[in-house]
Structures are given as structure tokens and as C-alpha cells.
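Chain and residue survey
The chain contents come next:
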Amino acid sequence: MSVTRRSFLLSAAAGAAAWPDVSRLASAADAAPAKIKYIDIHTHLGAFYFGQELTAELLVKFMDEHDVEKSCVLPLVSPESAPVAQPVTNALAAFKAFPDRIIPFCVVDPRAVTAPGQRTGHVAGVKGIVDILKRYQDAGCRGLGEHKTGLFFDAPQQMFLYEACDTVGLPILFHLDDIRNPDSPGLPRLENVLKAFPKLPLIGHAAGFWASICGDATIEDFGRYPPVPKPVLSGGALDRLMAKYPNLYGDLSEPGGEKAIARDPKFGREFIIRNANQLLFGTDVLMPGQKIPQFDLLASLNLPAEVQYKIYRGNAIKLLKLNGK
Ligand SMILES: [Zn+2]
């Protein structure tokens, strides 16, 4: 106990009659758990929007301001994924500059492998992708993503990429909507992949993935965000698939993750508690000054401490095999 704290308690005891609540305040402070530091599963470095470049230095500043201990930096290389590509080398450079704060991810566009029936190009099938992924792993990459292509979620070339990630043990963080890695309501294509690779962690995000929290999601919902509030109908594909496939995870970043919970906070809170082992905190921060409503939203749900720990950082530590607790 510090001298200041001891004298505070002594004077509090002396003045207890006049100020009876002080001792209760002091014991409440003693009992308050330490604030859980976040691990952010989803950030991007570069200028996603022209003139709005997020550098590694600015990202770390943002992390310091918001109690984020570590952030995953996700490259974007597929033509459908960003106006200007964000190469893997940038994520690795950020990791080199801030090894304790940045967790680099890698990406390979599955079209690097030719479609079945075509002659082989520069990357020879699954083996060719495995060779590339191993080099990225040696350089420090802990996951593959953001996986965001114009191919159907379970297209043959996508299956080669999933098999390669399964082989080397890299979890995949994917975007799913009506045009990027598209699927239909009920997520049958995602289920094909979950079934084919039961040991491969698949972390979903974006409008189509999160629209599937709701039992009546339409293909139009896959390309837009829901209004807030809007009640969630139970029986959604996410609850069904998360119960059936422990390798399916949800990334709570960007408006998709935020609005899925905010549209119906009662359902959202119960959904988070039910699926606490399979949800990950994320921001999708990609430019300076971006407002991230997830911080206040998650705090407002008053989640049980162990659920908070799991989604704020515990699940990420396990999934990405990080040091620390
Ligand atoms: Zn995305």
C-alpha cells in the first residue's frame, strides 16, 4: 500500500461519521478488476482512402489512446479488396518497427493458382501456395487475411488456398458480402468450407457475414448495413454454424460487426455470451481519426468478466498462439 493510499484510508476512517461512504468507495476500488487490454484482430496500414494514410506510427498512437496492446495488420492484395493494394511487405515492416505491438498477417490471391483444367502458371497448385505461406510464417505472419476476393467463397481456386492454410496452420480472416467472397443467405458455401477443413480456423467479417446473425437475412442485406435499431430474428446462420463448427469465428470489427450487435442489444449480448469462445474484438481501423464505436458498444453491454476477457484478447491469444495471457 502506498503512503498516500494509507493516509487516505486513515483519514477516511477518522472522518467516517461525517463521510460514511468513503470506506465503501475505497473497498470498491480495491475490488475493481484491472482493465482488460484489447488485441485488435483487424487493422490496415496504408492509404485506403486517398490522402488518409494510416502509418504504423499513427496506428500505435491510436492503440495507446484506446488500451490496445497488440494489433493484427492485414494486407489487401486482391483487386476487389481495396482501391490501392496494401502489400504484405508493409505489414512485415510495421512488425519490424514495433515487434511487441504489431502482429503481421499475409495474403495470397488464390488466382495465383490457375483454375482446374488450365496449365500451371507461376504458383503450382496447393504446393506452390504452401511454399509462399511458409516463407511468410518464417517472417512472423500469424494468420492469412484479409482474404477478400471476387470468387465465390468455395470456388475451386479458393479451396486450394484453404487447403494450403490448413497444411501450414494459418487461420484465415475473411470478408464476406454479396460481391467479395460471395455466398447466399444461410451461408451454404461457407459451410462447405467449414466441413471440408474442420481444423482450419475461419474468422468471418463484413456485411454478409454479420447479416447472417438474423434468421431472415436476404441477399440484399449481404450488401448493406442494417438500421439501428432493428430486431434480430433468431435462427440465423451464424448461431447455427458456430454451434456446429468450432472452427468458425466472428470478427466484431467494422460497421457489420458493430451493427449486428447494436441493432438489437439484448439479442446481441446473449449472442456474444453464447458464442464467447468464437468471437474476437476488432476495429478495421484504416485511416487517422477514424471513430470506432465498438469500444463503447462492448463496454455498454456489461458482459461477464470472463466473456469480456475472451473476446477482448483471450481468444486471439489462443488462436494466433501469442505469448502472454
Ligand atoms: Zn473487410
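Residues numbered from 1 in each chain as written. Predicted model: local features only at pLDDT ≥ 70, side-chain atom pairs only at ≥ 80, totals over all residues.

Things to note about helix α10 (residues 254-262)
The buried count for α10 comes to 7 of 9 residues, which makes it a mostly enclosed element. If you check which residues of α10 are buried, you get Glu 254, Gly 256, Gly 257, Glu 258, Lys 259, Ala 260 and Ile 261. (Buried ≥ 20, exposed ≤ 12 C-beta atoms within 10 Å, placed from the backbone. Helix = DSSP H or I, 4+ residues; strand = E, 2+ residues; numbered from the N terminus.)

Some words on the confidence of the model for the protein chain
For the protein chain, mean pLDDT is 92; residues scoring 70 or higher make up 90% of the total. Per-element averaging of pLDDT across the protein chain places helix α1 (residues 3-14) at the bottom with 38 and strand β7 (residues 248-251) at the top with 99. With pLDDT under 50 throughout, residues 1-31 is counted as low confidence; its partners more than four residues away or in other chains account for 7 contacts. (pLDDT = per-residue confidence, 0-100. Contact = placed C-beta atoms within 7 Å.)

Concerning unusual backbone geometry
In terms of backbone geometry, most residues other than glycine have negative phi values and most peptide bonds are trans. Looking along the chain, the bond that leaves Gly 145 and enters Glu 146 is cis, with omega of 5°. Mapped onto the elements of the fold, Glu 146 is located in strand β4 (residues 143-147). Of the consecutive residues Val 228 and Pro 229, the connecting peptide bond is found in the cis state with omega at 0°. Structurally, Pro 229 is set in the loop between α8 (207-211) and α9 (237-244). For Asp 284, which is not a glycine, the phi torsion comes out positive at approximately 65°. As for its position among the elements, Asp 284 is in the loop between β8 (279-280) and α12 (294-300). In this structure, Asn 302 is a non-glycine residue whose phi angle is positive, near 50°. In this fold, Asn 302 is placed in the loop between α12 and α13 (305-319).

A few points about the nonpolar core
Of all hydrophobic cores here, the largest spans 78 residues; its most connected members are Phe 105, Ile 172 and Leu 280. With sequence-adjacent residues up to four places away left out, Leu 280 is seen in contact with Ile 41, Ile 203, Tyr 249, Asp 251, Leu 252, Ile 311, Asn 315 and Ala 316. (Core = buried A, V, L, I, M, F, W, Y, C linked by C-beta atoms within 7 Å.)

Comments concerning the environment of Gly 282
Along the chain, Gly 282 falls in the loop between β8 and α12. For Gly 282, a count of 28 C-beta atoms within 10 Å corresponds to the buried category. Not counting residues up to four positions away in its chain, the partners in contact with Gly 282 are Asp 40, Ile 41, His 42, Asp 251, Leu 252, Ser 253 and Gly 257.

Examining the environment of Gln 294
Its location among the elements puts Gln 294 in helix α12. Between the C-alpha atom of Gln 294 and that of Ile 261, which follows or precedes it by 33 residues, the distance is 9.5 Å. Setting aside residues no more than four positions away along its own chain, Gln 294 makes contact with Leu 252, Glu 258, Phe 281 and Thr 283.

Details of the packing of helix α5 (residues 125-138) against helix α6 (residues 156-168)
The geometry of α5 relative to α6 is characterised by a closest axis approach of 9 Å and an angle of 50° between their N-to-C directions. Between α5 and α6, the crossing angle belongs to the class labelled oblique. For the pair α5 and α6, the crossing hand works out as right-handed. Contacts from Gly 125, Val 126, Ile 129, Val 130, Leu 133, Lys 134 and Gln 137 of α5 reach α6 at Phe 160, Leu 161, Glu 163, Ala 164, Cys 165, Thr 167 and Val 168. Tallied by class, residues from the contact of α5 with α6 come to 9 nonpolar, 3 polar and 2 charged. (Axes fitted to C-alpha atoms, helices over the stretch in contact; angles between N-to-C directions. Parallel < 35°, antiparallel > 145°, perpendicular 65-115°, else oblique. Left-handed = near helix turned anticlockwise from the far one by under 90°. Nonpolar A, V, L, I, M, F, W, Y, C, P; charged D, E, K, R; others polar.)

Things to note about the pairing of strand β6 (residues 202-205)
Neither face of β6 is left uncovered, since the one carrying Leu 202 and Gly 204 and the one carrying Ile 203 and His 205 both have all their residues buried. Bridging between strand β5 (residues 172-175) and β6 involves 4 bridges; their strand directions are parallel. Pairing of Leu 173 across the sheet is with Ile 203, part of β6. In this fold, the crossover linking β5 to β6 by way of helix α7 (residues 188-196) has right-handed handedness. The sheet contact formed by β6 and β7 spans 3 bridges and is parallel. What sits directly across from Ile 203, in β7, is Tyr 249. (Pairing = 2+ DSSP bridges. Right-handed = clockwise from strand over helix to strand, strands pointing away.)

Brief notes about the sheet that holds strand β2 (residues 68-73)
In spatial order, the strands read β1-β2-β3-β4-β5-β6-β7-β8; together these 8 strands make up an open sheet with parallel pairing. Of all strands in the sheet, those bounded by a partner on one side alone are β1 (38-43) and β8. Contacting β2 and β3 (102-106), helix α4 (residues 88-97) crosses the sheet at an angle of about 160° to β3.

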